[in-house]
Amino acid sequence: MKCKNVLLSLSVLAGLSLVGCAQDVNSANVANNGAVTKDERPNIIVILTDDHGYADVGFNNSPDLKTPNLDQLAYGGTIFTSAYVAHPFCGPSRAALMTGRYPHEYGAQFNLPRKGSNQGLPKEETFISKVLQNAGYYTGAIGKWHLGEHADHHPNVRGFDEFYGFLAGGHYYFPEKYEPEYERLVKRGKHNVNMYYWPLEYNGQEVREPEYLTDGLSREASTFVEKASKKDKPFFLYLAYNAPHTPLEAKEEDMALFPNITDKNRKIYAGMVYAVDRGVGKLVDTLKRTGEYDNTLIVFLSDNGGKTIKGANNYPLRRGKGSAYEGGIRVPMMFHWPKEIKGGNTFHHPVSALDFYPMFAALGNAKIPEGKDLDGYNVWPKIQAGKPTHDTKMIYAMRHQKGFSETSGRLGDYKVVRTSKEGPWQLFNVQTDPGEHNDLAAQKPWLLREMVSQIEIWSWDHQQPKWFHIWDAGGEWHEQNMPRFHETFKVGQADPVLQAQP
Amino acid sequence: MKCKNVLLSLSVLAGLSLVGCAQDVNSANVANNGAVTKDERPNIIVILTDDHGYADVGFNNSPDLKTPNLDQLAYGGTIFTSAYVAHPFCGPSRAALMTGRYPHEYGAQFNLPRKGSNQGLPKEETFISKVLQNAGYYTGAIGKWHLGEHADHHPNVRGFDEFYGFLAGGHYYFPEKYEPEYERLVKRGKHNVNMYYWPLEYNGQEVREPEYLTDGLSREASTFVEKASKKDKPFFLYLAYNAPHTPLEAKEEDMALFPNITDKNRKIYAGMVYAVDRGVGKLVDTLKRTGEYDNTLIVFLSDNGGKTIKGANNYPLRRGKGSAYEGGIRVPMMFHWPKEIKGGNTFHHPVSALDFYPMFAALGNAKIPEGKDLDGYNVWPKIQAGKPTHDTKMIYAMRHQKGFSETSGRLGDYKVVRTSKEGPWQLFNVQTDPGEHNDLAAQKPWLLREMVSQIEIWSWDHQQPKWFHIWDAGGEWHEQNMPRFHETFKVGQADPVLQAQP
Amino acid sequence: MKCKNVLLSLSVLAGLSLVGCAQDVNSANVANNGAVTKDERPNIIVILTDDHGYADVGFNNSPDLKTPNLDQLAYGGTIFTSAYVAHPFCGPSRAALMTGRYPHEYGAQFNLPRKGSNQGLPKEETFISKVLQNAGYYTGAIGKWHLGEHADHHPNVRGFDEFYGFLAGGHYYFPEKYEPEYERLVKRGKHNVNMYYWPLEYNGQEVREPEYLTDGLSREASTFVEKASKKDKPFFLYLAYNAPHTPLEAKEEDMALFPNITDKNRKIYAGMVYAVDRGVGKLVDTLKRTGEYDNTLIVFLSDNGGKTIKGANNYPLRRGKGSAYEGGIRVPMMFHWPKEIKGGNTFHHPVSALDFYPMFAALGNAKIPEGKDLDGYNVWPKIQAGKPTHDTKMIYAMRHQKGFSETSGRLGDYKVVRTSKEGPWQLFNVQTDPGEHNDLAAQKPWLLREMVSQIEIWSWDHQQPKWFHIWDAGGEWHEQNMPRFHETFKVGQADPVLQAQP
């Protein structure tokens, strides 16, 4: 963990006591070496939804959607109001979750090229799944992969005993529609059939999925738990629904539950989320039936903000998917674990998806590979104690686009953000002002400057992108001499000492 | 081998039966594990000429050149009318032959910098010579190397027990001329004497070559075979003539055999090719004398198309060296192997120099290193059976120049090609129209689009060039924001699904 | 060692006998395997000053400064009038010293980003400290590091048993001033406190330095020698004073010794250098007291030229820090070693800081890692014999700035240099004309061309910079399509053979 540059806590700024980074790390070690013993290690399930808006779960007070099963878990667990992902779109966000590091640090800032490249995350980046597998966990990935299509990057070689799903960044939902279309295109001689149409696979073998995709993935999740429950070891399940990501396709019966929604996209989206929730209900049933319910930590979150033009609602957050404003990176999240979490809690301090890697490793008593850098830290003791998090270790976001790097950083309650080349850096108290309406930059210029400077430090470790989702993005990157950080981090006058000639 | 993206064969497009990539691979495995047993492993000789035009061998009906020894081998073996190299100029073409991969995939798209850099092909790319050496072959390289001048890249450390020749990309031919010039320059204090003048070497030791260079290399080839025949193992000989590459220098007696040729360059060129042919004759004599003739596979080909302004003739192909049109990449080629090839065959389906690696490994029962990517496949079973090749696995070519990437791809009988920034993608049936006269793009736009898209997929794995032959080329590359693939692969309207935002 | 391109010595040009590169290497081997046996291995101390001008030591005839202790060592040892560092500013110069290679060859052409990046020299580059440590030396680094702030790059993991000092590129000098300022900034909540204010450290543990920094470092040097003298092994001490680098801060008592200096900067600078000299005196006392004096090789030099606007004097050299003219790269240097050096010698032939690595390894009978490239060679036998050095192996310098690469190369007595985009290449005899006044380019165009061509060869092995000291420099690099070597190495008409198409 990289702590050395953070010399004091933001709580000092607010007049509170000093909580240094070293302390955060120590707490993690305690959890790692202390309470949790091998026999009691919990199962861990990550349920990841795709482009799912902040407001689009019942437990975040959705006015129109229904997610009764998720809500029941949330109310019986801990709801996080300030949960962040490491990137405002899919691939890099998932990369961060698996590696515990910002994707910018190993060139994975963009989605993988579609249509079958050999690219994938560097093998030096050991996945959390591998860490848990090495520690004796039975591991499964179900659903969307999007972390490399080549055999070298397959879930089965990156720490998952089991994989059921698809390698691409998305998929059509109705087999009765995508199967014949796939056959038609293949017969027509199309060589690069859109991967959204491809057959699903189980551990590398093509399979026929008979159900509506979300239902199919839920079924497989239950199957995995059944299988896992018979083993003499805990399990780790990564259940990555592609819903409610486009294409917008829901079952009629699910949409029928929302007669009051008139917007067409919203109605489909509502049905898609409902299907996810139904699957979660079934998964919970299976956990109870197999006796695994009590000692299973369920982590539910979305991979990034919702796409509002595709039916999502990120209220009260500003903007959505793709943005460094809260709507792009703050996501609905809850933890559920009967044995350890009493329920009825809401945790307002920031938590990052980057914190899962060290946290899961600690809970699973698993060894993090020697020399592995991590950008998050084990927040579990702080969550348990209801204490402030990330008041010394910032949470960053950065998305490159059109010759500019949209960037933000949150420390404690404050966040600096810059979303356009022309616009200035802004400062918000996103704890009290999650909609990012009241720019405090003029009031606290020194804080703004400090925080931007902290982000710049982070940027020093970025690598050039190893790939771009489309060649146009790569062309643009080079033509614009990206990342143009010398412009990105300009805040008024430069620090004369730092800018001095060597 | 990367096959996963190729879902069906082009033969489907032409109404024939489906032959999938998996099948190609299986055939290779059969050959590898099946018929060939250790005791019967063949010797393998690759005779590579340099800038030798498609029409400039007797067996391709040269109207004016004479290659009686090559012709005799060709008529007693198999002539390939659609043999391709992986690049239209020297260094990258040779890199592909040795590594079994397109040079673009490991940054070797340009010739090595001249004048003694430390650069060379990445060590991760195990050469076919190493694979055969590891499998017990006695291995030799004779002639031009051009794959790295530093000790780390020397033939002796890349799988060759023996090396006689020169490390540079070319050489003068007459010792009585280049030796005194070399001495003169050294005496004058010149530090960077053109490597074309340098003394030859044998396994790292400087030697005095007494003969006309081509004759010298032929002599050494025979010497190698003599030596090899006394060993209890098969041999692999890579005989890389620099003839008829410039400087144009032939023996008077050889030129005298072409009294009807009046063009000065052509006359010298004819003499140079004749000298190669004489050497091949001597090599065949040696093979017969040592009893190795019957079980030696001789593969003859040129490293790229001929340079017409330097005497070459690529008829009936369009353009020559450096071009993605057929004249740059389709080369004269024949196989000869008395024990396994009956003779009198002509093989019209496409074969790539990239196919040698897996084919030689299969024939030599040699183990390809774990995880080694290969771009070709073992075409031997198909050649033996006279069956279509590369109807599912495309053969690519790409040459970067002046801010543009000249590019082509062949699949079955068809080829798409684009040779200028302004010009469009063209489609030819190069089986019936090797001169690329009749552009079928307007007639088969879907086929063109599919094939270009397939090339684009390939391009995703390209790396930035690790070197340039001259700094100007490097400057140009960066100034033009190369490779500019977003422009290269534009074909009318983009596919809306593929171009969608992440 | 890369020698193969250098075919003959410059002495040939001057009509002297031929001394080839192979000979240089052999001499090194002789020293390595021959005379020096294990029991007699010398201690080695490198005293490195920072931005210390060529004329700013008594032994180089400073008219106003006083360095009595350095002078005494110099007069009792060997003074070098043509000592070069590998780069005209700090970080890359130090990188070269530690790795024995030009920083350009592994992307370290710029100073490390300030403010705490994770960057540092590649681990593949084994430091000379590690080589000596592995050979049984007790090793210590004291003072400025500037080679990586992350734990992975800490002196203690790069071959130093002991480290006392600071990781940044500079530091304030008076604890009574920097300590309270540090406390104030931390209290104010500043996250990125300028590292010039940070507490010092001892082997990773923060410490309070009570003295004026230069005195503190001198004290620790003596402590190290005391400790080392009790061990049953030789020692290697790297004593890297940050003086007289800015900030300009000297003790009143030291400045008081220079009543005739009226320029304010020069007066402080004089005091700073005097403090260094006082420390050297104490170190010598300790060496004598501990009985180590006789068999200790002391190497004293500056890391680059002095900054004249900050008080330095590089007379008679042209320009100063940052320049490829002599003032940037030729530094004050002397060796002292009672047991082996008689004293009273001045060595006029060029020596490079890159020569230390192989020389120290030879003197310490230490094994250079297999495959390690080195740009210098062991000049010790030549120094002992008073023979010409670097008459076959050039000494290069290159500094990238504002879209141009300021570049020079010295071979024997001659030097080519180009310091601006508009200006031409110049040629000087820097032995007779150290001020670089008389451009000989028009008189010896062939020599100029040869030498520039030699530099171009070197440039082929350069890598893109891995970092920039500030983002502006990185932005500039990319916007200017650096390194633009195709322009840098243009000398009149290009060599038609070398420029020919592939």
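What you are looking at is a predicted structure, and each value in this text was computed from that prediction instead of being measured.

Visitor: Help me understand the overall build of chain A in this model?
Guide: Looking only at helices and strands, chain A features 16 helices and 15 strands. Among the 502 residues that make up chain A, the fraction classed as buried is 68%. Taking as baseline every contact in chain A between residues at least 6 positions apart, the subset at least 24 positions apart corresponds to 71%. By element, 50% of the accessible surface of chain A is carried by carbon and sulfur atoms, the whole surface being about 17200 Å².

Visitor: It is not clear to me how the packing of helix H3 (residues 68–75) of chain C against helix H9 (residues 264–289) of chain C should be interpreted in this structure. Could you clarify?
Guide: Residue and element names in this part refer to chain C. Contact geometry of H3 with H9 gives a least axis separation of 7 Å together with a crossing angle of 55°. By the criterion of interaxial angle, the relationship of H3 to H9 is oblique. Contacts between H3 and H9 involve Pro68, Asn69, Leu70 and Leu73 from the first element and Tyr274, Asp277, Arg278, Val280, Gly281 and Val284 from the second. Taken together, the residues of the contact of H3 with H9 sort by class into six nonpolar, two polar and two charged.

Visitor: I would appreciate a short explanation of the environment of A:Phe428 in the present structure.
Guide: Counting through the fold element by element, A:Phe428 comes out in strand E15 (residues 426–429). Along the primary structure A:Phe428 and A:Lys415 are separated by 13 residues, whereas in three dimensions their C-alpha atoms are 5.3 Å apart.

Visitor: What is the right way to look at the confidence of the model for chain A in this model?
Guide: Residues shown with low pLDDT carry predicted positions that ought not to be read at fine detail. All names here are of chain A. Mean pLDDT over chain A: 90, with 89% of residues reaching 70 or higher. Predicted confidence is poor over residues 1–38, with pLDDT under 50, and the contacts of this stretch with residues over four places away or in other chains come to 87 contacts. This stretch, residues 493–502, has a pLDDT under 50; its non-local contacts, to residues over four places away or in other chains, come to 21 contacts.

Visitor: Sorry, what's going on with helix H14 (residues 471–479) of chain C here?
Guide: Because each turn of an α-helix spans 3.6 residues, side chains separated by three or four positions end up pointing in the same direction. Among the residues of H14(C), those classed as buried are C:Trp471, C:Ala473, C:Gly474, C:Gly475 and C:Trp477. Against the buried residues of H14(C) lie helix H13 (445–459) and helix H15 (485–488) of chain A together with strand E12 (395–401) of chain C. Two residues or fewer after H14(C) comes C:Asn481, characterised by a positive phi angle close to 50°.

Visitor: Hey, could you run me through the packing of aromatic side chains in this one?
Guide: Each pair of aromatic rings is reported with the distance of its centres and the angle of its planes. Inspection of every chain in the model, using the stated rule, returns 87 aromatic pairs over all chains. Seen from their ring centres, C:Tyr173 and C:Tyr212 are 5.7 Å apart, and the 25° between their planes marks the pair as stacked. With C:Tyr173 in the loop between strand E4 (162–166) and helix H6 (175–187) and C:Tyr212 in the loop between strand E6 (205–207) and helix H7 (213–229), this residue pair connects regions lying 39 residues apart in the sequence. Both residues of the pair, C:Tyr173 and C:Tyr212, count as buried. Taken together, a centroid distance of 4.9 Å and an interplanar angle of 45° make the contact between C:Phe174 and C:Tyr212 tilted. Residue C:Phe174 is found in the loop between E4 and H6, and its partner C:Tyr212 is found in the loop between E6 and H7; the two are separated by 38 residues along the sequence. You'll find C:Phe174 and C:Tyr212 in the same group, each marked buried. Following the ring pairs from residue to residue traces out a cluster consisting of A:Phe80, A:Phe127, A:Trp145, A:Phe160, A:Phe163, A:Phe236, A:Tyr238, A:Phe335, A:Phe347, A:Phe356 and A:Phe360. Over the ring of A:Tyr293 we find A:Lys288; its NZ or CZ atom is 4.8 Å from the centre of that ring.

Visitor: Before we go on, may I ask you to explain the environment of A:Gly305 in this structure?
Guide: Residues and elements named next belong to chain A. With respect to the helices and strands, Gly305 occurs in the loop between strand E8 (296–302) and helix H10 (326–329). Residue classification places Gly305 among the buried residues on the basis of a relative accessible area of 1%. For the pair formed by Gly305 and Val85, sequence separation is 220 residues and the distance between their alpha carbons is 8.9 Å.

Visitor: What is the right way to read the pairing of E12(C) from this model?
Guide: Walk down a regular strand and you will see the side chains alternate between the two sheet faces. Residue and element names in this part refer to chain C. Counting buried positions along E12 gives six out of seven residues, so the element sits mostly inside the fold. The sheet contact formed by E12 and strand E13 (residues 404–411) spans seven bridges and is antiparallel. Of the residues in E13, the one forming a bridge with Met398 is Thr407. Hairpin connection from E12 to E13: two residues lie between these consecutive antiparallel strands, with Lys402 at a positive phi of about 55°.

Visitor: Sorry if this is basic, but what is going on with the pairing of E4(C) here?
Guide: Residues and elements named next belong to chain C. E4 sits mainly inside the fold: five of its five residues count as buried. With burial as the criterion, each face of E4 is covered, one bearing Glu162, Tyr164 and Phe166 and the other bearing Phe163 and Gly165. The pairing of E4 with strand E5 (residues 200–202) spans two bridges and is antiparallel. Note on E5: the bridge partner recorded for Gly165 is Glu201.

Visitor: When you look at the sheet that holds strand E12 (residues 395–401) of chain B in this model, what are you seeing that I'm missing?
Guide: Residue and element names in this part refer to chain B. Pairing within the open sheet is antiparallel, and its four strands lie in the order E12-E13-E14-E15. Taken across any chain shown, the strands that pair with only one partner, and hence form the sheet edges, are E12 and strand E15 (426–429). Sheet twist, expressed as the average angle between the axes of neighbouring strands with direction ignored, equals 15°. Contacts from helix H13 (residues 445–459) reach E12, strand E13 (404–411), strand E14 (414–418) and E15, with the element oriented near 70° to E14.

Visitor: In this structure, what is going on with the environment of C:Glu406? I would like to understand it.
Guide: Residues and elements named next belong to chain C. Structurally, Glu406 can be placed in strand E13. Overall, the relative accessible area of 8% leaves Glu406 in the buried class. The spatial distance from the C-alpha of Glu406 to the C-alpha of Ser323 is 7.3 Å, given a sequence separation of 83 residues. Those residues in contact with Glu406 that sit more than four places away from it in its chain are Gly322, Ser323, Ala324, Tyr325, Ala397, Met398, Arg399, Arg418 and Thr419. A polar contact is formed between the side chain of Glu406 and the side chain of Ser323, at a distance of 3.1 Å.

Visitor: Sorry if this is basic, but what is going on with the pattern of salt bridges here?
Guide: Pairing between side chains of opposite charge can happen when their charged atoms approach one another. Residues and elements named next belong to chain A. If you walk through the whole model with that rule in mind, you get 78 salt bridges over all chains. A salt bridge links Asp215 to Arg278; its shortest N-O distance comes to 3.1 Å. Residue Asp215 is found in helix H7 (residues 213–229), and its partner Arg278 is found in helix H9 (residues 264–289); the two are separated by 63 residues along the sequence. Neither residue differs from the other here; Asp215 and Arg278 are each classed as buried.

Visitor: In this structure, what is going on with the sheet that holds strand E15 (residues 426–429) of chain C? I would like to understand it.
Guide: Working definition: the strands of a sheet are paired by backbone hydrogen bonds and lie parallel or antiparallel to each other. Residue and element names in this part refer to chain C. Strand order across the open sheet formed by four strands is E12-E13-E14-E15, with antiparallel pairing between neighbours. What marks the edges here is a single partner per strand, and that holds for E12 and E15. On average, each strand axis in the sheet is inclined to that of its neighbour by 15°, with strand direction left out of account. Contacting E12, E13, strand E14 (414–418) and E15, helix H13 (residues 445–459) runs over the sheet at an angle of about 70° to E14.

Visitor: Explanation requested: unusual backbone geometry in the structure shown.
Guide: The phi torsion of most residues other than glycine is negative, and most of the peptide bonds are trans. Omega for the peptide link from A:Met482 to A:Pro483 comes to 10°, which places this bond in the cis form. With an omega of -5°, the peptide bond running from B:Ala243 to B:Pro244 counts as cis. Assignment of secondary structure puts B:Pro244 in the loop between strand E7 (235–240) and helix H8 (252–255). For A:Glu436, which is not a glycine, the phi torsion comes out positive at approximately 55°.

Visitor: Please clarify how the side chain of A:Asp461 should be interpreted in this entry.
Guide: Here A:Asp461 shows up in the loop between H13 and helix H14 (471–479). A polar side-chain atom of A:Asp461 sits 3.0 Å from a polar atom in the side chain of C:Asn118.

Visitor: I keep staring at the side chain of B:Ser352 and nothing clicks. Help me out?
Guide: By secondary structure assignment, the location of B:Ser352 is in strand E11 (residues 351–352). Beyond its immediate stretch of four places on either side in the chain, B:Ser352 contacts B:Tyr84, B:His390 and B:Ile395.

Conventions adopted
- Residues numbered from 1 in each chain as written.
- Chains lettered and ligands numbered in written order.
- Predicted model: local features only at pLDDT ≥ 70, side-chain atom pairs only at ≥ 80, totals over all residues.
- Heavy atoms only, no water.
- Helix = DSSP H or I, 4+ residues; strand = E, 2+ residues; numbered from the N terminus.
- Buried < 20%, exposed > 50% of the residue type's maximum accessible area, 1.4 Å probe, protein only.
- Contact = heavy atoms within 4.5 Å.
- Areas by Shrake-Rupley, 256 points an atom, 1.4 Å probe, with all protein chains shown as cover.
- Axes fitted to C-alpha atoms, helices over the stretch in contact; angles between N-to-C directions.
- Parallel < 35°, antiparallel > 145°, perpendicular 65-115°, else oblique.
- Nonpolar A, V, L, I, M, F, W, Y, C, P; charged D, E, K, R; others polar.
- pLDDT = per-residue confidence, 0-100.
- Phe/Tyr/Trp six-rings, centres within 6.5 Å; stacked < 30°, edge-to-face > 60°.
- Lys NZ or Arg CZ within 6 Å of the ring centre and 35° of its normal.
- Pairing = 2+ DSSP bridges.
- Polar contact = N/O pair within 3.5 Å; in protein donor to acceptor, adjacent residues only side chain to side chain.
- Salt bridge = Lys/Arg side-chain N within 4 Å of Asp/Glu carboxyl O.

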